[in-house]
Structures are given as structure tokens and as C-alpha cells.
Amino acid sequence: MAMTVVTGSASGIGAATFSALAASGREVVGVDLRDAEILADLSTPEGRQAAVDTVLARSSGVLDGLVLCAGLGPQVSDAKRIVAVNYFGTVSLLDGLLPALRGGEAPAAVAVSSVSSTQITWADNPIAGLDESEVEAALEVGGDYRGQLAYAASKNALTVAVRQRAGDWGAAGVRLNTVAPGAVDTPLLQAGLDDPRYGEAIRSFVGPLGRRGRPEEIASLICYLLGPAAGFVHGAQFVIDGGVDAQFRPTAF
Ligand code: NAD
């Protein structure tokens, strides 16, 4: 079996996914800013290219799986960096590693989006179709809440980017899906809870199941989507949020 790559493997959902995939017998390689087999900064074009080059060298150009978890939350003060990691960093690795996935055995990729991807529409997404150099100015409309706007916009753009690739990736024999978690107990969520602008809203973001998710619960959905039981699942977004989306938007799906 060839290699499976997990970005954001040092913490939270990425760490839980790394562990679950390794426990299932896969050879897993992590990409992160720290505590990973491959150290790379996915917020910059140079860091993304270095990550792709290092993965290709280490895998001899063949991958069975790719999981893109690296991300920043809305509380991060540099809003353009949120978009740089969540959107441009993720899409660069998808595109850069598709050739390696083509050569894999029953290859599949999963990108971690968010239920926040549904908070704005593509038509209202201020970064839709923009070049990375134009993002900072486009986010100014968010004012003091530009971090939240950057987060929702980056996740909306990521989900759209995955859906837009369904045709080419399917023709290439590589399945590609997104998962869209609600609130999951990780360091990213804790940083949001600790932020006076966002803490209260996150605390109230609890649905019918009455609790937040655990990273292992998101990892188990990702493992399913990478594996043979999901052989006909492609181009889809899976909301995993304890029922919040159904409760607040029962007619929108
Ligand atoms: P986390 O902070 O625990 O883990 C994120 C990881 O991404 C960290 O290890 C971090 O070092 C890495 N990372 C950040 N910037 C990077 C960069 N420039 N280059 C390389 N790696 C970088 O967060 P998490 O909650 O596990 O989040 C994982 C994914 O899940 C993110 O994309 C996040 O947006 C998404 N998500 C999380 C929640 C939640 O409630 N926790 C909800 C919806 C979606």
C-alpha cells in the first residue's frame, strides 16, 4: 500500500485522523508547522510548493490518500492568513498532489471544510474568484468581524472548489469529498471560546445532541470516506455537527 498524507496532523482533527488511519494499517505521513514528518507553512506559495515537492519525493510520486485538515479559526487576527491556509493552502495541495493520487490504489481525498461554508453563498462570497493578492482588501467589509468573514468565505470557497473538481477528479479515478464539522473540541475551537468576540456565539452553537463533537468522531467519517466502503461517494459534502444545521436550517440543504 502506498502512502496517505494528512495536513494539520499535529493537533485536533488532523491528529485524530492520523492516528485512526495509522491504526487501520495505512502508512501515514503528516504535514504541519511542527511535530510532523514534513514541516511546511501552507500559508505561503513557497511553503505549499515545498510541501508538495517533499510529499512527491517521499512517496515516490504515488499516494493512496490525502486528508487536508490544516486550518486557522476565525479568532486569528490576520484575516488574510485564515484564507491563505484554509483555502489557498488546501486547494494548492489538492491540485499539486492529484498526479500522485492518480497512481494510487483506490485513491481518495477528503478536505475538511466547515458548517460555516453554508453561512454565506457563493454569490455573496467576497473572495469568490479572487487572486490571493486581492483577498485582504476584499475582507475589509467585515470590519471587526473580518476573521469570521474570512473563515466562512474560505470554507465556502473550499467546498465550491471541491465540487468544481468532481468532474476532472472522477474522470481521473480519484474520489474527492468534504466533511463539514460543527463545533468540535480542539485547540482551534478553544481559542474561539476564549475570544470575547466569538466565545458566546460558539457556546450557543449546540444542537439536538446537546454537546460538541470529538476529533475522533470527525476522523471516523474521514476514514470511511477514504476507504472502499465509500466507493460510490464523490463530490459530496458531509455535515457532521450534532444536528445544528438541520435544527436551524431545516429547509435549506
Ligand atoms: P487545530 O488547531 O487543533 O489543528 C489545526 C492544525 O493545522 C494545527 O496542527 C496547525 O499547526 C495546523 N496549521 C495551521 N496553520 C498552518 C500552516 N500555515 N501550515 C501548516 N499547518 C498549519 O484545529 P482543528 O479544530 O483540528 O481544525 C482542523 C480543521 O477542521 C480546520 O480546517 C478547521 O477549520 C476545521 N474545523 C474545525 C472545527 C472545530 O470546531 N474544531 C469546526 C469546523 C471545521
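It should be emphasised that the depicted structure is a prediction, and the values quoted were computed from it without experimental measurement. (Residues numbered from 1 in each chain as written. Predicted model: local features only at pLDDT ≥ 70, side-chain atom pairs only at ≥ 80, totals over all residues. Heavy atoms only, no water.)

A.B. asks: Before we move on, could you go through helix α9 (residues 215-226) and cite the residues and values that matter?
C.D. replies: Given a rise of 1.5 Å per residue, twelve residues ought to cover 16 Å, and the 17 Å separating the end C-alpha atoms of α9 matches this to within 8%. Residues of α9 that are buried include every one of P215, I218, A219, L221, I222, L225 and L226, and no others. Considered in projection along α9, the buried side chains sweep an arc of 160° and stay on one side of the axis. Buried residues in α9 make contact with β1 (3-7), α1 (12-23), β4 (63-68), β5 (108-112), β6 (175-181) and β7 (237-240). (Helix = DSSP H or I, 4+ residues; strand = E, 2+ residues; numbered from the N terminus. Expected span 1.5 Å × (residues − 1). Buried < 20%, exposed > 50% of the residue type's maximum accessible area, 1.4 Å probe, protein only. Arc of directions from axis to C-beta. Contact = heavy atoms within 4.5 Å.)

A.B. asks: Give a detailed account of the sheet that holds β7, specifying residues and quantitative values.
C.D. replies: With parallel pairing, seven strands are arranged side by side in an open sheet as β3-β2-β1-β4-β5-β6-β7. With partners counted over all chains shown, the strands left at the sheet margins are β3 (38-39) and β7, one partner each. Pairing analysis gives five bridges linking β1 to strand β2 (residues 27-32), with the strands arranged parallel. Paired with T4 across the two strands is V28, which belongs to β2. Across the sheet, helix α3 (residues 79-102) touches β1, β4, β5 and β6, and the angle it forms with β4 is around 175°. Along the sheet, α9 contacts β1, β4, β5, β6 and β7; its crossing angle with β6, the most-contacted strand, is approximately 165°. (Pairing = 2+ DSSP bridges. Axes fitted to C-alpha atoms, helices over the stretch in contact; angles between N-to-C directions.)

A.B. asks: Account for the site of the ligand, naming residues and giving values.
C.D. replies: Near the ligand, the surroundings consist of 31 residues, among which S11, I13, D32, Y151 and T186 are the closest. In this structure, an oxygen atom belonging to the ligand sits 2.6 Å away from a side-chain N or O atom of D32. Within the backbone of G71, a nitrogen or oxygen atom sits 3.5 Å from an oxygen atom of the ligand. Taken by itself the ligand offers 830 Å² of open surface, and the protein chains cover 95% of this. When each cavity is represented as a set of grid points, the ligand is found to reside in the largest pocket. Of all the elements in the fold, those that place two or more residues in the shell around the ligand are α1, α3, α5 (146-164) and α7 (187-193). The dominant element in the shell around the ligand, judged by the number of residues it contributes, is α7, at three residues. (Near = heavy atom within 4 Å. Polar contact = N/O pair within 3.5 Å; in protein donor to acceptor, adjacent residues only side chain to side chain. Areas by Shrake-Rupley, 256 points an atom, 1.4 Å probe, with all protein chains shown as cover. 1 Å grid on protein atoms, 1.4 Å probe; cavity = no way out; pocket = protein on both sides within 12 Å on 5 of 7 lines; lining within 4 Å. Sits in = over half its atoms within 2 Å of the grid points.)

A.B. asks: Could you give an account of the packing of α1 against α9, with specific residues and numbers?
C.D. replies: Put simply, α1 and α9 touch, their axes get as near as 8 Å, and they point 55° apart. In terms of their interaxial angle, α1 and α9 are classed as oblique. Read as a crossing pair, α1 and α9 show a hand that is right-handed. Between α1, through G12, I13, A16, T17, A20 and L21, and α9, the contact on the second element is made entirely by P215, E216, I218, A219, I222, C223 and L226. (Parallel < 35°, antiparallel > 145°, perpendicular 65-115°, else oblique. Left-handed = near helix turned anticlockwise from the far one by under 90°.)

A.B. asks: Tell me what's going on with the packing of aromatic side chains, and back it up with residues and numbers.
C.D. replies: Each aromatic ring pair is described using two quantities: the centre-to-centre distance and the angle formed by the ring planes. Inspection of the entire model under this criterion finds two aromatic pairs. Seen in terms of ring centroids, Y87 and F88 are 4.8 Å apart; in terms of plane orientation they differ by 70°. Their pairing is edge-to-face. On the accessibility criterion, Y87 (17% relative accessible area) is buried. Classification of F88 as buried rests on a relative accessible area of 14%. With centroids separated by 6.0 Å and ring planes inclined at 80°, the aromatic side chains of Y145 and Y198 adopt a geometry described as edge-to-face. With Y145 in the loop between α4 (135-138) and α5 and Y198 in the loop between α7 and α8 (199-203), the pair connects residues that are 53 residues apart, well separated along the chain. (Phe/Tyr/Trp six-rings, centres within 6.5 Å; stacked < 30°, edge-to-face > 60°.)

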